[in-house]
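Summary of structural features
Below, each chain spelled out in residue letters.
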Amino acid sequence: MTKTRWAWTEIDLGAIAHNVAVLSALTPADTDFMAVVKADGYGHGAVQVSKAALDAGATHLGVATVDEGVRLREAGILAPIHLLSEPPSSTVGLVLLHRLVPALCTLEFAETLHRQALLRETVAPFHLKVDTGMHRTGIRAEDAASFSAGLKRFSAIKLAGTFTHFANADVPNDWDTERQLARFAQVLEEMRTEGVDPGMVHAANSPATMLWPESHFDMVRCGLALYGLHPAPETRTKVDLRPAMAVKARAGLVKRVPLGGGVSYGLTWRAASPTDVATLPLGYADGVHRVLSNSMEVLVGGRRAKQVGRVCMDQLMVELPRGVTAARGDEFVIVGRQGSDCVTLDEVAERAGTIAHEAACSFGMRLPRVYV
């Protein structure tokens, strides 16, 4: 619990270290491991997660934005930090200053990176992003060999790696993933035919790391699984991942609601009998999506309790189950284990109609963190 709020997340850094170890064990001994810590470490805290992952054997870090990379450097992290998509050309100065490794897929960015690296009398490494079928970012697969060969004229930049991203790797034996793998292999062959060394080759995200060993290449990139979350039902029997996030709160108030009494905006829930209702000091500004109103469950006294009424920006209400008493200051678990029961991020996400990735990031918006 924090000193300033009766709502917080608990982040188990031991679980992060465990997950790095079990995921790394799936790959050959010489395979590098990128811990993907974008979105403030999926809501877990990028700096603390990065340090725990590196201590556990991760070799590289992956972020989405230049600002994310800069924050890691300012925290004293020296490991290679990769931008997983090409940033705006206006950020090249920061990229070079903080020794970030950008993804590259356009001539405009290549030219800017070259010019500014020349001015600094340095050679800037980059990784070529290849679109093999996700159609999101990257140079088209059919253009990658000629494009990378053309970059040889820029003496101040260096192709240090080549990578792609799968759209459907969480589906075992998926035809589209097989096709992306085949396209990527063809790209690498064409690059070498053009006299281009692709450098460090990487493609596997979390599900591919667990389900597609042929995609491991020189490095795997794990995001979701790093935090103990499974990308597919099929991975649950393959890897013993440990969830790193719990979300907890203490009751700010417990009151008796009379028969027929309504709760929260719109009075969307009314007591069917005199009922004790606890108010918890967190809401949709803290990641408890409003769509969860009247549908989610939390734990109190080791038992499940229904959330009632509309989730507010800063508060939510819980109906105490029969036989359970609680008072101001008692602990409730929104995500995590209490007694013999557990509410998972997957459960919360499913009830909200979304995915665990979004749920985890949402809880990182405003809640203070306690590292355990």
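Described in the following lines is the structure provided in the data block.

Rules used throughout
- Numbers given to residues run from 1 along each chain, matching the order in which its sequence is written.
- Per-residue local features are limited, in this predicted model, to residues with pLDDT of at least 70; the limit for side-chain atom pairs, both in listing and counting, is 80 or more; totals at the level of whole chains, interfaces and linings are taken over all residues.
- Values reported for side chains reflect all heavy atoms of the structure, with hydrogen atoms and water molecules removed beforehand.
- Comment: elements are numbered from the N terminus, with helices defined as DSSP H or I runs of at least four residues and strands as E runs of at least two.
- Residue exposure (1.4 Å probe, protein chains only): buried if accessible area is under 20% of the type maximum, exposed if over 50%, otherwise partly exposed.
- Ring pairs shown here join Phe, Tyr and Trp side chains whose ring centres sit within 6.5 Å, with only the six-membered ring taken for Trp; geometry is labelled stacked below 30 degrees between planes, edge-to-face above 60, and tilted in between.
- Here, a salt bridge means any Lys or Arg side-chain nitrogen found within 4 Å of an Asp or Glu carboxyl oxygen.
- What counts as a disulfide here is a pair of cysteine sulfur atoms lying within 2.5 Å.
- Axes here mean lines fitted to C-alpha atoms, for a helix over just the part in contact, with angles spanning 0 to 180 degrees between N-to-C directions.
- Angle categories: roughly parallel below 35 degrees, roughly antiparallel above 145, roughly perpendicular from 65 to 115, and oblique for all the rest.
- The contact rule is simple, with two residues in contact once any of their heavy atoms fall within 4.5 Å.
- In the scheme used here, Gly and all other residues not listed as nonpolar or charged are polar, with Ala, Val, Leu, Ile, Met, Phe, Trp, Tyr, Cys and Pro taken as nonpolar and Asp, Glu, Lys and Arg as charged.
- It is the rotation of the near helix from the far one that decides the hand of a crossing: anticlockwise by less than a right angle makes it left-handed, clockwise makes it right-handed.

**Considering unusual backbone geometry**
Backbone geometry places alanine 39, a non-glycine residue, at a positive phi of 55 degrees. Topologically, alanine 39 is positioned in helix α2 (residues 38–42). Here alanine 39 falls in the partly exposed class, since its relative accessible area comes to 37%. Positioned with a positive phi, arginine 99 is a non-glycine residue whose angle comes to about 55 degrees. Arginine 99 gets classed as partly exposed once you look at its relative accessible area, which sits at 47%.

**A short note on the packing of aromatic side chains**
Per the stated rule, a full pass over the model turns up two aromatic pairs. Centre to centre, the rings of tyrosine 42 and tyrosine 227 are 4.8 Å apart; their planes meet at 25 degrees, and the pair counts as stacked. Here tyrosine 42, found in helix α2, pairs with tyrosine 227, found in the loop between β11 (219–222) and β12 (245–250); they are 185 residues apart in sequence, far enough to count as distant. Residue tyrosine 42 is classed as buried on the basis of its relative accessible area of 9%. Note on tyrosine 227: relative accessible area 1%, which makes it buried.

**Describing the pattern of salt bridges**
Proximity of charged atoms lets side chains of opposite charge pair with each other. The final tally for this structure, using the stated rule, is 16 salt bridges. A salt bridge links arginine 140 to glutamate 142; the shortest N-O distance between them is 3.4 Å. Classification of arginine 140 as partly exposed rests on a relative accessible area of 47%. Taking the relative accessible area as the measure of exposure, glutamate 142 reaches 55% and is therefore exposed. For the salt bridge of arginine 250 with glutamate 331, the shortest nitrogen-to-oxygen distance reads 3.7 Å. Of this pair, arginine 250 sits in strand β12 while glutamate 331 sits in strand β20 (residues 331–338), and the two are 81 residues apart along the sequence.

**Thoughts on the state of the cysteines**
Evaluation of the coordinates by the stated rule reveals zero disulfides. In this structure cysteine 361 is not part of a disulfide, and its nearest cysteine sulfur, from cysteine 222, lies 16 Å away.

**What to know about the packing of helix α10 (residues 345–352) against helix α11 (residues 356–363)**
Packing of α10 against α11 brings their axes to within 8 Å, and their N-to-C directions diverge by 100 degrees. In this view, α10 runs roughly perpendicular relative to α11, as classed from their interaxial angle. Packed against α10, whose contacting residues are Leu345, Asp346, Val348 and Ala349, the element α11 presents Ala356, Ala359, Ala360 and Phe363 at the interface. A breakdown of the residues in the contact of α10 with α11 according to their chemical character gives seven nonpolar, no polar and one charged.

**Quick word on α10**
In an α-helix, one turn spans 3.6 residues, which is why side chains three or four residues apart end up on the same side. Looking only at α10, the buried set comprises Leu345, Glu347, Val348, Ala349 and Ala352. Of the surrounding elements, those touching the buried residues of α10 are β12, β17 (297–300), β18 (303–308), β20, β21 (341–343) and α11. At the C-terminal side of α10, glycine 353 shows a positive phi close to 75 degrees.

**Observations concerning the packing of helix α1 (residues 13–24) against helix α3 (residues 46–55)**
Look at α1 against α3: their axes get within 8 Å of each other, and the N-to-C directions meet at 45 degrees. Classified by the angle between their axes, α1 and α3 sit oblique to one another. Judged by the sense of rotation from one axis to the other, the crossing of α1 with α3 is right-handed. Of α3, the residues touching α1 (which contributes Leu13, Ile16 and Val20) are Gln48, Val49, Ala52 and Ala53. Residue classes in the contact of α1 with α3 are distributed as six nonpolar, one polar and no charged.

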